[in-house]
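Chain by chain, the residues:
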Amino acid sequence: MNTTVSCELHLRLVVSSESSLPVPAGLRYDTADPYAVHATFHTGAEETVEWVFARDLLAEGLHRPTGTGDVRVWPSRSQGQGVVCIALSSPEGEALLEAPARALESFLKRTDAAVPPGTEHRHFDLDTELSHILADS
């Protein structure tokens, strides 16, 4: 049986050192995909942007800078509050988002309860995943 953990967050899109915009976001973790966190950023009335992160990347980013290339994550402070900065880069552009550290930490603790870190392989059916990949090619 698969378990899903979800969380709604209010992120800030950093526009400049003095300006940011609110970005509602949803995080979803499914034990059927135990290594990943799926993020949906609501960028307009009906528009969304989807990203998939390694759960370990977000967890490590709570405590130290991590990631290279398209996704980088690090802890910081904004307006006296702990935040986690998430820098995204794609051919369409770049974005720097600030997530409330406590909310992200709470979400990740709930994912850890569903699938403890280091046990993801027990929830991942490699044969099924390979058959899906081969069927798509």
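Residues numbered from 1 in each chain as written. Predicted model: local features only at pLDDT ≥ 70, side-chain atom pairs only at ≥ 80, totals over all residues. Heavy atoms only, no water.

- The name an unreviewed UniProt entry assigns to the protein chain is Sporulation-specific cell division protein SsgB, from the organism Streptomyces niveus.
- Of the protein chain, the UniProt comment under Sequence similarities (unreviewed entry) reads exactly: "Belongs to the SsgA family."
- On record in UniProt, under Subcellular location (unreviewed entry), the comment for the protein chain is "Cell septum". (UniProt positions renumbered as here; feature names shortened; annotations may be inferred.)

Here's the deal with the pairing of strand β1 (residues 4–16)
Link 1 in the chain: Where β1 meets strand β2 (residues 19–30), twelve bridges bridge the pair, whose relative direction is antiparallel. Bridging from a neighbouring strand, Glu8 pairs with Gly26 of β2.
Link 2 in the chain: Where β1 folds back onto β2 in an antiparallel hairpin, the turn is made up of two residues.
Link 3 in the chain: Sheet topology places β1 next to strand β7 (residues 93–100); two bridges connect them, and they run antiparallel. (Pairing = 2+ DSSP bridges. Helix = DSSP H or I, 4+ residues; strand = E, 2+ residues; numbered from the N terminus.)

Considering the state of the cysteines
Link 1 in the chain: In this structure the tally under the stated criterion is zero disulfides.
Link 2 in the chain: Cys7 takes part in no disulfide bond, and the closest cysteine sulfur to it belongs to Cys85, at a distance of 17 Å.
Link 3 in the chain: On the basis of relative accessible area, Cys7 is assigned to the buried category, the value being 11%.
Link 4 in the chain: Relative accessible area serves as the criterion here: at 4%, Cys85 is assigned to the buried category. (Disulfide = S-S within 2.5 Å. Buried < 20%, exposed > 50% of the residue type's maximum accessible area, 1.4 Å probe, protein only.)

A word on helix α2 (residues 101–114)
Residues spaced three or four apart along an α-helix face the same direction, because each turn holds 3.6 residues.
Link 1 in the chain: Across its 14 residues, α2 extends 20 Å between first and last C-alpha, which sits within 8% of the 20 Å expected from 1.5 Å per residue.
Link 2 in the chain: For α2, every residue scored as buried is listed here: Ala101, Leu104, Phe107, Leu108 and Thr111. Mapping the buried residues of α2 onto a view down its axis gives an arc of 130 degrees, with all of them on the same face. Facing away from the buried side of α2 by over 90 degrees, the exposed positions are Arg102, Lys109 and Ala113.
Link 3 in the chain: For α2, the secondary structure elements touched by its buried residues are β1, β2, β3 (36–42), α1 (55–61), β6 (81–90) and β7. (Expected span 1.5 Å × (residues − 1). Arc of directions from axis to C-beta. Contact = heavy atoms within 4.5 Å.)

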